[in-house]
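Remarks on the overall topology
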Amino acid sequence: MGPRLFPFGVDPIRPEPTTPLTIILDGVPVAGVAGQSVAGVILAGGTLGFRRTSVHGTPRGVFCGIGICYDCLVEVNGRRDVRACQRRATEGDVVTTQHDALPPGGAAA
Amino acid sequence: MTNNVIIVGAGIIGAACARALAVAGVEVTVIDRGTVAGGTSAACEGNLLISDKGPGHELVLAQYASTLWKHTVAELAEQLGDTFPSVEYDPKGGLVVATTVTGAGPLLSFAAGQRGAGVDAWTIDADEARRLEPDLGPAVEAAVYYPEDAQVQPTIATEALMASARLHGARVLENTPVLGPIHDSAGALVGVRIPSGELRAGRVLVAAGPWSGQVANLLGVYLPVRPRRGELLVTTRMRHRIFHKVYDADYVGAVGSDDGALQTSSVVESTASGTVLIGSSRQQVGFDSSLRVDALSEIAAKAIRLFPFLADVAVMRSYGGFRPFMPDHLPVIGEDPRMPGLWHATGHEGAGIGLSLATAVLIRDLMLGIIPPIDASPYSASRASLAPHLVDVA
Amino acid sequence: MNASNIQVLVIGAGPAGLAAARAARARGASVTLLDSSDQLGGQFWRHLPPERPSAEERMLHHGWATFRELSETLEADDGCQIFRGAQVWAIERSPERVDGTAVGLPGAVHVVVGEPDGVGRQRLALRPNAIVLATGAHDRTLPFPGWDLPGVFTGGAAQALAKGERLAVGRRVVVAGAGPFLLPVAAALATTGATVLGVFEANRAAALVRGWLPNPWELVGAANKGTELAGYLAGHLRHRIPYRLGRAVVAAHGSDRVESVTIASVAADWAPIPGTEQRIEVDAVCVSHGFTPRLELAIAAGCALTADRFVKVDDGQGTSVSSVFAAGEITGIGGVDLALAEGRVAGHVAAGGTASDRELRQDRRRRRTFRGFAARLEAAHGIRSGWPGMLTDGTIVCRCEEVSFSALCGAAESTGSRSLRSLKLSTRVGLGICQGRVCGRTVEELLGRRLVGGLGDGVTADRRPIAAPIRLGELAADPVADVATSGVDEFDQRNSESTRGPT
């Protein structure tokens, strides 16, 4: 159960064969298809929550999917705060999930 | 004279004065054309600084203020209870870094002068500076650590002081602009006209920050408070990497400067929410609040000089506010000799948050006829350094 | 000024922006077209990347031929410079005006060009003669308990992933909220292999009838839109998706991801009706309650807004700021045909034409018709006042800063503040990285209703002088002022192929 890429042979839009790619999510290879967003690869790989929030430590993932909500932030190849839904995955991308603790005594709303 | 006061302005100065007077039993009415903490107090860093002040009257006021903050914060927390947001008082200390060889000498002699005036200013070497701030860049020519520098969240501090004032009986009228003065037959100010009619009181205290000149003008006197715009950047949240208030030594020069043109200096610190606050520019552009990209670029470049890792960090927000600039760099605290009944508590430039508590004590004591804990005469509207500026040349 | 000397900058390459660019070119102006995406088409025509050509991609779209024609024409046109991956992060107002010319200077538009959220993207500072803002809108989703769980998506997310990647956000999905947009969301899911368990529209039949029926002739005029909707409805029947009125998702449940949702009947004002709850097991839920226009650039440019918070425009789509035009969803939510008509008028007038020109006759008529249609939509599907009945004390209102409903109300109560700015700063609501894009209007409504006398500081959540995050290193770099010599048009050439897949 969960997100999945529409199986290739069934899709009525008659797609041509896709090119596979692999990204590394927190050290684990995840298979995707060339042209997908980083978020799409992560979702299709079965992970919905891939960030932990700073105040309550709860999981978050894709929410708006169009770059508005910034809930899907990940580190890509060492650069932080990349919206996974806006960034195209490229072969070998090293994606690290972000969990930023508040400073000691930091505000908890 | 009746025991009541109208305070014009619901920023931190008005709130602190309202609280001090209300606690002393004075009947206080605060009016503001907007809302509490609607102006400069919601658009600044919340600095409680000693480090940027050289020997002189402003330093004396700041030193006195810094003795007041800790117990005031505790009083407010006790009085307002757990549901009230924390004022985020943090005596984190300040680190001033000279990033150039030419900046090192002036910083060290400035600190030496401050030590002579009782400031805790520790000259430290680059290694010690890096122990305090491991992510400092290579450009550390000299550094001075100021353990007395502290921080509050200025908007919450304002709300807290005002909430406390209310609990002591102060009345706050928001969305209530001053329309004009009410004078008695002798020419003394005995109240203000507001949209709903008249408000009368024995004294009217103008605490309208950078708008104090406009309010004073409405009431019939000229006061040379000018707006000086300051711009800040806020980064996205990150892990805690900056532990003190960190400035490059240019800050000292920019604050004291009379130059109206754009000046920037780097002030970098973490906030309780995990963001980093980066300031700030200083520019006299009237009340023009439009975004100036050149100012932001300069601030960014200087912050990166202090902390190179910031280059890859994203800015998500900028905000700017107007500081109440005085031509002789001192606030005006006390009665206006030109108009009985008119009082001022304004002109604190970029130091109003820190100086608010001390200002309130002076105002309270002067109004009640008590001798204040520090000499109030240097801040008087009749001081010699202000006299040449009290003639309206505009 | 001769039209050929006019530089028109179009911000946003969705339907309105593409139409504006085309119309401005038709009058001979030179055009620069920016979009933050690496594709043209905006959210409406979000499509598969060039790596994934598909013979029948048009099946996923409405007006695909129009998109192909617009985008291919502009891409082939040397007078239209297209920047993909171009994020406008600030607009500086210019006090100067050039006298004696038809078009003044609207100010500097600051752009970073490169991969989304990249590092070291190229900075541009553009100073066009006219700007057309076509920044569109995004879903508005009201908070409810559990809406912060992974697996809860906006409708826009489901659509973007379906159309842009052929990814279904779940296998067993519920679609809920309000508005006709729920139907294409459900259709997109169904045509991407998901089972849509139901579409739950909070408004009731009576509201829909009131909204749709008083002037049915307008629907006839809006034939294209009507057909589109009818198509979606037919699609529902085909896929056997239940469509229920007067119901809402009032909670999502799960530990680390959504496992089920509670559906309840809601009153005409959307207040949930106790005792009507029904739990459904799902692996995803898509919720949208309408749209919020993306106003930050318009506000930065100084454009006046209407009472209902869209960009105010005149007959020629001109805003209150001379030489700044607006088209599409930022002037009102009205669908693709209205966006296209407004875009054509805006581009034409920005390029020196006038609103009364003969060639705009048809667009003026369409615009009238579709605006009437938009008003009907709002009447039928607009957010109703009882929605906060869904909230519990612990419901997160601001997702970024994790501010709960009770924390927000508690701060308002304890401070006595009536200032949005102050309450933002004291609770951090709306101060996180999305800068209140998701929660801003919700917070304004919640506070405005709760506070005696309403909010008193006249501040709105829509003002964002920094319109998109920019790295400090990028900000510190000098911008390139002259686009022609910048070389940035070589950015990511692969993306220029993105609309050249098989038709």
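Higher on the page you've got the structure.
A brief look at the structure comes next. Note that the coordinates shown come from a computational prediction; the quantities given were computed from them, not determined experimentally.

Definitions and limits used
Residues numbered from 1 in each chain as written. Chains lettered and ligands numbered in written order. Predicted model: local features only at pLDDT ≥ 70, side-chain atom pairs only at ≥ 80, totals over all residues. Heavy atoms only, no water. Helix = DSSP H or I, 4+ residues; strand = E, 2+ residues; numbered from the N terminus. Buried < 20%, exposed > 50% of the residue type's maximum accessible area, 1.4 Å probe, protein only. Contact = heavy atoms within 4.5 Å. Areas by Shrake-Rupley, 256 points an atom, 1.4 Å probe, with all protein chains shown as cover. Axes fitted to C-alpha atoms, helices over the stretch in contact; angles between N-to-C directions. Parallel < 35°, antiparallel > 145°, perpendicular 65-115°, else oblique. Left-handed = near helix turned anticlockwise from the far one by under 90°. Nonpolar A, V, L, I, M, F, W, Y, C, P; charged D, E, K, R; others polar. Pairing = 2+ DSSP bridges. Buried area = accessible area lost by both parts, 1.4 Å probe. Salt bridge = Lys/Arg side-chain N within 4 Å of Asp/Glu carboxyl O. Polar contact = N/O pair within 3.5 Å; in protein donor to acceptor, adjacent residues only side chain to side chain.

1. Points about the overall build of chain C
In terms of regular secondary structure, chain C is built from 14 helices and 22 strands. Expressed as a percentage of its 503 residues, the buried residues of chain C come to 64%. Partitioning the contacts of chain C with sequence separation of at least 6, the portion at a separation of at least 24 is 68%. As presented, chain C carries roughly 17300 Å² of accessible surface, and 50% of it is formed by carbon and sulfur atoms.

2. Here we look at the packing of helix 3 (residues 155-165) of chain C against helix 4 (residues 182-190) of chain C
All names here are of chain C. Two numbers describe how helix 3 lies on helix 4: the axes approach to 9 Å, and their chain directions differ by 40 degrees. When the axes of helix 3 and helix 4 are compared, the pair comes out oblique. Considering how the two elements wind past one another, helix 3 and helix 4 form a crossing that is left-handed. From helix 3, Gly 155, Ala 158, Gln 159 and Ala 162 reach across to helix 4, where they touch Pro 184, Val 185, Ala 188 and Leu 189. Of the residues in the contact of helix 3 with helix 4, the class split is six nonpolar, two polar and no charged.

3. A short note on the pairing of strand 18 (residues 332-335) of chain B
All names here are of chain B. Summarising the sheet, strand 18 and strand 19 (residues 342-346) pair through four bridges and their orientation is antiparallel. The partner of Glu 335 across the bridge, within strand 19, is Trp 343. Linking two consecutive strands that pair antiparallel, namely strand 18 and strand 19, is a turn of six residues; a positive phi of about 95 degrees is found at Gly 341 within it.

4. Thoughts on the interface of chain A and chain C
Tallying the contact residues gives 53 residues for chain A and 66 residues for chain C. Counting the surface lost from both chain A and chain C, the interface buries some 5100 Å², and carbon and sulfur atoms represent 55% of this. Ranking the residues of chain A by area buried against chain C places Ile13(A), Phe63(A) and Ile68(A) at the top, with a combined share of 15%. At the surface where chain A touches chain C, the tally comes to eight salt bridges.

5. Structural notes on the interface of chain C and chain B
Listed as interface residues are 37 residues of chain C and, on the opposing side, 43 residues of chain B. Interface area for chain C against chain B, summed over the two sides, is near 3200 Å², with a carbon-plus-sulfur share of 58%. A per-residue breakdown of the area chain C buries against chain B is headed by Leu425(C), Ile466(C) and Leu472(C), which together make up 20% of the total. Between Glu174(B) and Arg418(C) there is a salt bridge whose closest N-O contact spans 3.3 Å. Counting across the chain C and chain B interface gives 17 residue pairs in polar contact (both at pLDDT 80 or more). Elements that contribute at least two residues to the side of chain C that touches chain B include exactly strand 4 (86-92), helix 11 (405-415), helix 12 (420-427), strand 22 (470-471) and helix 14 (472-476) of chain C. Class assignment for the residues of the side of chain C that touches chain B results in 16 nonpolar, twelve polar and nine charged.

6. Description of the pattern of salt bridges
By the definition in use, this model includes 45 salt bridges over all chains. Glu115(C) is paired through a salt bridge with Arg87(A); the nearest N and O atoms lie 3.6 Å apart. One end of the pair, Glu115(C), is in the loop between strand 5 (108-113) and strand 6 (122-126); the other, Arg87(A), is in the loop between strand 7 (79-83) and strand 8 (94-97), on a second chain. Look at Glu115(C) and you get partly exposed, because its relative accessible area is 42%. Overall, the relative accessible area of 7% leaves Arg87(A) in the buried class. Each of Arg51(A), Arg60(A), Asp71(A), Asp148(C) and Arg399(C) takes part in salt bridges that share partners, so that together they form one network.

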